[in-house]
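Descriptive structure summary
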Amino acid sequence: MLHLLYALALLLLLCGACAILAERFTLSPALLPLPILSGAVVVLYLCGIAGFLRVGAVAVLLALAAVWVVGLVQYRPAGVAAAWKRAASVPGFTLFLGGAAFIWLLFCVQQPMFTQWDEFTAWGLAPKMVAERAALYVADPINLTASFTYPATSLVSYLFQRVPGQFYEWQCLAGLDILFLACIAPAAAMPRKNWAGAVLVFAAGFLLPFFFSVVPAGTPSTMYANAMADTPLALLFGGTLCLYAAAGGRKTGFFACAMPLAVLTMTKDIGFAYALI
């Protein structure tokens, strides 16, 4: 139950901040989950470099809460409620919120675990070490491989770990999948308020990674239960392009894409080249 309450509180803070900021900057709320989540990862990275990763996690939650406070002061509770109502009428935003809540609930019940060798040696072990020790680039005396992985996926996982000092594999996987949905939301925002078109685009974006996964014949795909960085890299690249196109205007699009581009460079080594593109 506590896992669900934490997820509900985090999603409420995140999506409420999206609705209020969309009202403030006259943007579609479906465009904001990706920059806000990416901004949270950048804050965690900077605090982690300084050796204060737990402080960074608290700072992210306080920043999201501060947006709520400013919104309630500026727009009054009635205005914030109206902003929520307008945001709920945007298909991409509602699909993101519903999909994120569904994934968290599904993974909380099923509690999937790591299944691939690379997850046990690097891509899964790295977020485990970061969560348990609240530090970036920690060195394990038994396995040093994970200390050389790129930090983006570990920090996304850290944001969604409920208990400080503890690590749950399913929360890591669910956090990465919520990032996936945030990458797909800008594409779903392009049909505007055309629900049929938005649902079709969102579904196509959700299914797209399956066409590029390589799994042995006869075995189920683990695309959405995978801690490796390949899929986040691809979806961040595509999601940032969609965000730029959907934001409209070169200046607006540039500022909206700044945080996702920063996270893209921290996902894999080739991410810096993709960010330059």
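Residues numbered from 1 in each chain as written. Predicted model: local features only at pLDDT ≥ 70, side-chain atom pairs only at ≥ 80, totals over all residues. Heavy atoms only, no water.

What follows covers the packing of aromatic side chains. Enumeration according to the criterion identifies 10 aromatic pairs in this entry. Between tryptophan 104 and phenylalanine 160 the ring centres are 6.0 Å apart and the planes differ by 40°, which places this aromatic pair in the tilted class. Of this pair, tryptophan 104 sits in helix α4 (residues 91-110) while phenylalanine 160 sits in helix α7 (residues 152-160), placing them 56 residues apart in sequence. For the pair phenylalanine 206 and tyrosine 224, a centre-to-centre distance of 4.3 Å together with 15° between the ring planes defines the contact as stacked. Here phenylalanine 206 is found in helix α9 (residues 195-207), whereas its partner tyrosine 224 is found in the loop between α9 and α10 (230-247), with 18 residues between them in sequence. (Phe/Tyr/Trp six-rings, centres within 6.5 Å; stacked < 30°, edge-to-face > 60°. Helix = DSSP H or I, 4+ residues; strand = E, 2+ residues; numbered from the N terminus.)

Here we come to the layout of surface pockets. Taken as a whole, the second largest pocket holds about 460 Å³ of empty space. Lining the second largest pocket are 19 residues, and of these Leu21, Leu32, Pro35, Ile36 and Met259 sit closest to its centre. Of all the secondary structure elements, the ones that give two or more residues to the lining of the second largest pocket are α1 (2-25), α2 (33-49), α3 (53-88) and α11 (250-265). Of the residues assigned to the lining of the second largest pocket, the class counts are 17 nonpolar, two polar and no charged. (1 Å grid on protein atoms, 1.4 Å probe; cavity = no way out; pocket = protein on both sides within 12 Å on 5 of 7 lines; lining within 4 Å. Points joined across faces, edges and corners; volume = space filled by probe spheres on them. Nonpolar A, V, L, I, M, F, W, Y, C, P; charged D, E, K, R; others polar.)

Among the nonpolar cores identified, the biggest contains 82 residues, and Leu37, Leu44, Phe96, Tyr158 and Phe160 are the most heavily contacted of them. Looking at which element gives the most residues to this core, the answer is helix α8 (residues 169-189), with 15 residues. Here tyrosine 158 is in contact with Leu44, Leu53, Arg54, Ala57, Val130, Ala131 and Ala134, once residues within four sequence places are set aside. By size, the runner-up hydrophobic cluster in this structure holds five residues, among which are Leu125, Met129, Val138 and Ala146. (Core = buried A, V, L, I, M, F, W, Y, C linked by side-chain atoms within 4.5 Å. Buried < 20%, exposed > 50% of the residue type's maximum accessible area, 1.4 Å probe, protein only. Contact = heavy atoms within 4.5 Å.)

You can see leucine 243 is positioned in helix α10. According to the relative accessible area criterion, leucine 243 is buried, its value standing at 0%. When the C-alpha positions of leucine 243 and isoleucine 36 are compared, they lie 12 Å apart, and in sequence the two are 207 residues distant. Once you skip the residues sitting within four places of it in the chain, leucine 243 turns out to touch Leu31, Leu34, Pro35, Pro186, Ala256, Cys257 and Pro260.

What follows is about empty space enclosed by the protein. Counted according to the given criterion, the structure contains three cavities of 30 Å³ or more. Empty space within the largest cavity amounts to approximately 90 Å³. The wall of the largest cavity is formed by 13 residues, among which Ala126, Val130, Tyr137, Ala146 and Thr149 lie closest to the centre. Looking at the second largest cavity, its volume works out to about 60 Å³. When contributions to the lining of the second largest cavity are tallied by element, the ones reaching two or more residues are α1, α2, α3 and α7. With three residues, the top contributor of residues to the lining of the second largest cavity is α2. Of the residues in the lining of the second largest cavity, the class split is nine nonpolar, no polar and no charged.

Time to look at α3. Every α-helical turn comprises 3.6 residues, leaving residues that sit three or four positions apart pointing alike. The terminal C-alpha atoms of α3 lie 33 Å apart, and with 36 residues this falls more than 12% below the ideal 52 Å at 1.5 Å per residue. The largest bend along α3 reaches roughly 105° and is located at tyrosine 75, with the proline proline 77 sitting one to four residues downstream. (Expected span 1.5 Å × (residues − 1). Bend = angle between axes of the 7 residues up to and from the residue.)

Residue position: serine 157 is located in helix α7. Residue contacts for serine 157: discarding those within four places in its chain leaves Pro127, Phe167 and Cys172.

Moving on, we get to α9. The end-to-end C-alpha distance of α9, which contains 13 residues, comes to 18 Å, matching closely the 18 Å that a straight helix rising 1.5 Å per residue would cover. Along α9, the residues that are buried comprise Gly197, Ala198, Phe202 and Gly205. An end-on view of α9 places all buried positions within 130° of arc, on one side of the element. Of the exposed residues in α9, the ones pointing more than 90 degrees away from its buried face are Ala196 and Leu200. Of the surrounding elements, those touching the buried residues of α9 are α4 and α8. Sitting at the head of α9, asparagine 194 places a side-chain oxygen 3.3 Å from the backbone nitrogen of alanine 196. (Arc of directions from axis to C-beta. Polar contact = N/O pair within 3.5 Å; in protein donor to acceptor, adjacent residues only side chain to side chain.)

Moving on, we get to the packing of α8 against α9. One way to put it is that α8 packs onto α9 with a least axis distance of 9 Å and a crossing angle of 145°. Handedness of the α8/α9 crossing: right-handed. Between α8 and α9, the contacting residues are Leu181, Ile184, Ala185, Ala187 and Ala188 on the first element and Ala198, Val201, Phe202, Gly205 and Phe206 on the second. Considered class by class, the residues forming the contact of α8 with α9 number nine nonpolar, one polar and no charged. (Axes fitted to C-alpha atoms, helices over the stretch in contact; angles between N-to-C directions. Left-handed = near helix turned anticlockwise from the far one by under 90°.)

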